[in-house]
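Listed below are the residues making up each chain.
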Amino acid sequence: MRVVRTIGSLRQEIKKIKSREKTIGFVPTMGALHEGHLSLIRKARRENDVVMVSVFVNPKQFGPKEDFQAYPRPEKKDILLAKDEKVDIIFHPSEKEMYPTGFLTSISVEGITGILCGASRPGHFRGVTTVVGKLLNLIEPDILYLGQKDAQQAIVIKRMVADLNLPVTVKICPTIRDDDGLALSSRNQYLTPDQQQEAPILFRALKIGKKNILNGERNAAKIVDCIRKTITKHSKGKVDYIVCVNADTLAPVEWIKGRIMLALAVKFGQTRLIDNIVVRA
Ligand code: PAF
């Protein structure tokens, strides 16, 4: 496995791979790799000749009061984990390499980025699409692997790929959870022991919502209310949003029909957790 740190060396590697007509599977990450990332890497390994992983804590997707400085950066551990999964190349650029002095360009998807996480984190998705657009342009992968846990991110990136006719297939892979149901996230390590006990209520509440839908409830407001009550009764979590939306477009749903997503963001102290569940009614 090679660790590539500059755009120049990355371009050379990509040129070699392309000249041999090998397929590239790409997993973009901000490091602090966990089983969620590893499941994407394993799928990429099964489906491609070459697996590339980027590790870059992207400053452009953090708000001024967010955790950019505190975000975990266990570089050595990440490299070992990637090696174990037979990753071919890790792209691990510096901030200066990605955004040299004078950098002025951004990619912005409209509409669907101003709601849900985008409403609480202004500019977040512009940061995500700018860095992912740049990485796709450099790496030219055949398949891009993203996790369903970050459902809005996945939908926004799919929109960008479609709108800009980027020649890549986007695959959204299932959320990986702890035994207690908590969706894996690099931010889970910020939780205190008490918060760790409470946070699995998020998935339990989503599952109750799903069960109620499968039992025939079609009123989205009632489902959302039930999820909210379950969370506030069993934890000190502060709800940012709980929504019932179209699973593909994020359009709000009042009367549940077809493929919908129950999605939420809840803060435990300073730690904001997100999760979602897709239901076919
Ligand atoms: O999901 C993440 O870890 C990041 O948002 C991503 C896609 C790597 C872009 O920085």
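Residues numbered from 1 in each chain as written. Predicted model: local features only at pLDDT ≥ 70, side-chain atom pairs only at ≥ 80, totals over all residues. Heavy atoms only, no water.

(A) Structural detail: the pattern of salt bridges. The tally for this structure, following the rule as stated, stands at 17 salt bridges. The shortest N-O distance in the salt bridge between Glu47 and Lys43 comes to 2.8 Å. Placement of both Glu47 and Lys43 in helix α2 (residues 35-47) is noted, with a separation of four residues, approximately one turn of the helix. Residue Glu47 is classed as partly exposed on the basis of its relative accessible area, which comes to 29%. Counted as one network, the salt bridges with shared partners bring together Arg2, Glu13 and Lys16. (Salt bridge = Lys/Arg side-chain N within 4 Å of Asp/Glu carboxyl O. Helix = DSSP H or I, 4+ residues; strand = E, 2+ residues; numbered from the N terminus. Buried < 20%, exposed > 50% of the residue type's maximum accessible area, 1.4 Å probe, protein only.)

(B) Layout of the sheet that holds strand β7 (residues 238-246). The three strands lie next to each other as β7-β8-β9, forming an open sheet whose pairing is antiparallel. Looking at the sheet topology across the chains shown, the edges are occupied by β7 and β9 (271-280). Between one strand and the next, the sheet's axes are offset by a mean angle of 10°, whatever the strand orientation. Contacting β7 and β8 (259-268), helix α10 (residues 220-234) crosses the sheet at an angle of about 150° to β7. (Pairing = 2+ DSSP bridges. Axes fitted to C-alpha atoms, helices over the stretch in contact; angles between N-to-C directions. Contact = heavy atoms within 4.5 Å.)

(C) Representation of the sheet that holds strand β3 (residues 50-55) within the structure. Strand order in the open sheet formed by six strands is β1-β4-β3-β2-β5-β6, with parallel pairing between adjacent strands. Looking along the sheet, the strands with just one partner apiece sit at the ends: β1 (2-4) and β6 (169-173). When the angles between neighbouring strand axes are averaged without regard to direction, this sheet yields 25°. Across three bridges, β1 lies against strand β4 (residues 89-91) in parallel orientation. Among the inter-strand pairings, Val4 is bridged to a residue of β4, identified as Phe91. Sitting on the sheet, helix α7 (residues 151-163) touches β5 (143-147) and β6, and the angle it makes with β5 is about 155°.

(D) Representation of α2 in the model. With 13 residues, α2 should cover 18 Å at 1.5 Å per step; its first-to-last C-alpha distance of 18 Å lies within 8% of that length. Turning to α2, its buried residues number three or more, namely Gly36, His37, Leu38, Ser39, Leu40, Ile41 and Ala44. Each element contacted by the buried residues of α2 is listed here: β2 (24-29), β3, α3 (75-84), β5 and β6. (Expected span 1.5 Å × (residues − 1).)

(E) Examining the nonpolar core more closely. Core analysis: the largest hydrophobic core is formed by 46 residues, its most contacted members being Met52, Ile139 and Leu144. In terms of residue count, helix α6 (residues 124-139) provides more of this core than any other element does, eight residues in total. If near-sequence neighbours (up to four positions away) are discounted, Leu144 is found in contact with Phe26, Pro28, Val132, Leu136, Ile157, Val168, Thr169, Val170 and Lys171. (Core = buried A, V, L, I, M, F, W, Y, C linked by side-chain atoms within 4.5 Å.)

(F) View of the site of the ligand. Every residue close to the ligand is listed here: Pro28, Thr29, Met30, Asn58, Gln61, Val131, Val132 and Gln153. The contact in question runs from an oxygen atom of the ligand to an N or O atom on the side chain of Gln61, over 2.6 Å. Between the ligand and the protein, one listed contact pairs an oxygen atom with a side-chain N or O atom of Gln153 at 2.7 Å. In isolation the ligand offers 290 Å² of accessible surface; the protein chains occlude 88% of this area. Elements represented by at least two residues in the shell around the ligand include exactly β2 and α6. Classifying every residue of the shell around the ligand gives four nonpolar, four polar and no charged. (Near = heavy atom within 4 Å. Polar contact = N/O pair within 3.5 Å; in protein donor to acceptor, adjacent residues only side chain to side chain. Areas by Shrake-Rupley, 256 points an atom, 1.4 Å probe, with all protein chains shown as cover. Nonpolar A, V, L, I, M, F, W, Y, C, P; charged D, E, K, R; others polar.)

Geometric values such as these leave the question of function open.
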